[in-house]
Amino acid sequence: GPSLALYSFCRKADDDVDEGDIAGAAGRLAKLHTRLNDAYAGRPRNNPVDRSFSAVVLAFDVPRELPLAMLDGFRWDIQQVEYRTYSDVVAYSSRVAAAVG
């Protein structure tokens, strides 16, 4: 269903950024931005995850800001942002874990 399509995209996106060396992570994140834009434009990549994600975000008018927040959290990971306060942790969590749930 729709929740599985959203979760699958988020899970695959996280794996795509995490897998591989840190030097290539920014490039992998840029590719995710392209995949996200393509999905919202109704031109998803030819794979089941992107096709189902695109269908759901378009059918249910999912705000683009939600998956963009997740990608922002990935950027924080790549930049190895340090979380010094509880507010910092909440800000990070809202961009990664809470963006999905």
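Scroll up to find the structure.
In this text the structure is predicted, and so the values were computed from the model without any measurement.

(A) Structural view of the nonpolar core. Leu29, Leu32, Phe53, Met70, Leu71 and Phe74 are the most contacted members of the largest nonpolar core, which totals 17 residues. Listed by contribution, the elements that provide at least two residues to this core are α1 (2-18), α2 (25-40), α3 (48-59) and α4 (65-78). Ranked by residues supplied to this core, first place goes to α2 with six residues.

(B) Just the pattern of salt bridges, in detail. Across all of its chains, the model carries ten salt bridges by this definition. The partner of Arg35 in a salt bridge is Asp50, and the shortest N-O contact between them spans 2.6 Å. Placement of the pair is Arg35 in helix α2 and Asp50 in helix α3, with a sequence separation of 15 residues. As far as the burial class goes, Arg35 and Asp50 line up, both buried. Connected through salt bridges with shared partners, the residues Lys12, Asp16, Arg35 and Asp50 form a single ionic network.

(C) The packing of α2 against α4, seen in detail. Viewed as axis vectors pointing N to C, α2 and α4 meet at an angle of 175°, and their least axial separation amounts to 10 Å. Our classification of the angle between α2 and α4 gives roughly antiparallel. Contacts between α2 and α4 involve Ala25, Ala26, Leu29, Leu32, His33, Leu36 and Tyr40 from the former and Pro67, Leu68, Leu71, Phe74, Arg75 and Ile78 from the latter. Taken together, the residues of the contact of α2 with α4 break down into eleven nonpolar, one polar and one charged.

(D) Spatial organisation of the environment of Ile78. By the element assignment, Ile78 lies in helix α4. Placed 50 residues apart in sequence, Ile78 and Arg28 show a C-alpha to C-alpha distance of 11 Å. Sequence-distant contacts of Ile78, that is, excluding residues within four places in its chain, are made with Val17, Ile22, Ala25, Ala26 and Leu29.

Each value, and the rule that gives it
Residues numbered from 1 in each chain as written. Predicted model: local features only at pLDDT ≥ 70, side-chain atom pairs only at ≥ 80, totals over all residues. Heavy atoms only, no water. Core = buried A, V, L, I, M, F, W, Y, C linked by side-chain atoms within 4.5 Å. Buried < 20%, exposed > 50% of the residue type's maximum accessible area, 1.4 Å probe, protein only. Helix = DSSP H or I, 4+ residues; strand = E, 2+ residues; numbered from the N terminus. Salt bridge = Lys/Arg side-chain N within 4 Å of Asp/Glu carboxyl O. Axes fitted to C-alpha atoms, helices over the stretch in contact; angles between N-to-C directions. Parallel < 35°, antiparallel > 145°, perpendicular 65-115°, else oblique. Contact = heavy atoms within 4.5 Å. Nonpolar A, V, L, I, M, F, W, Y, C, P; charged D, E, K, R; others polar.

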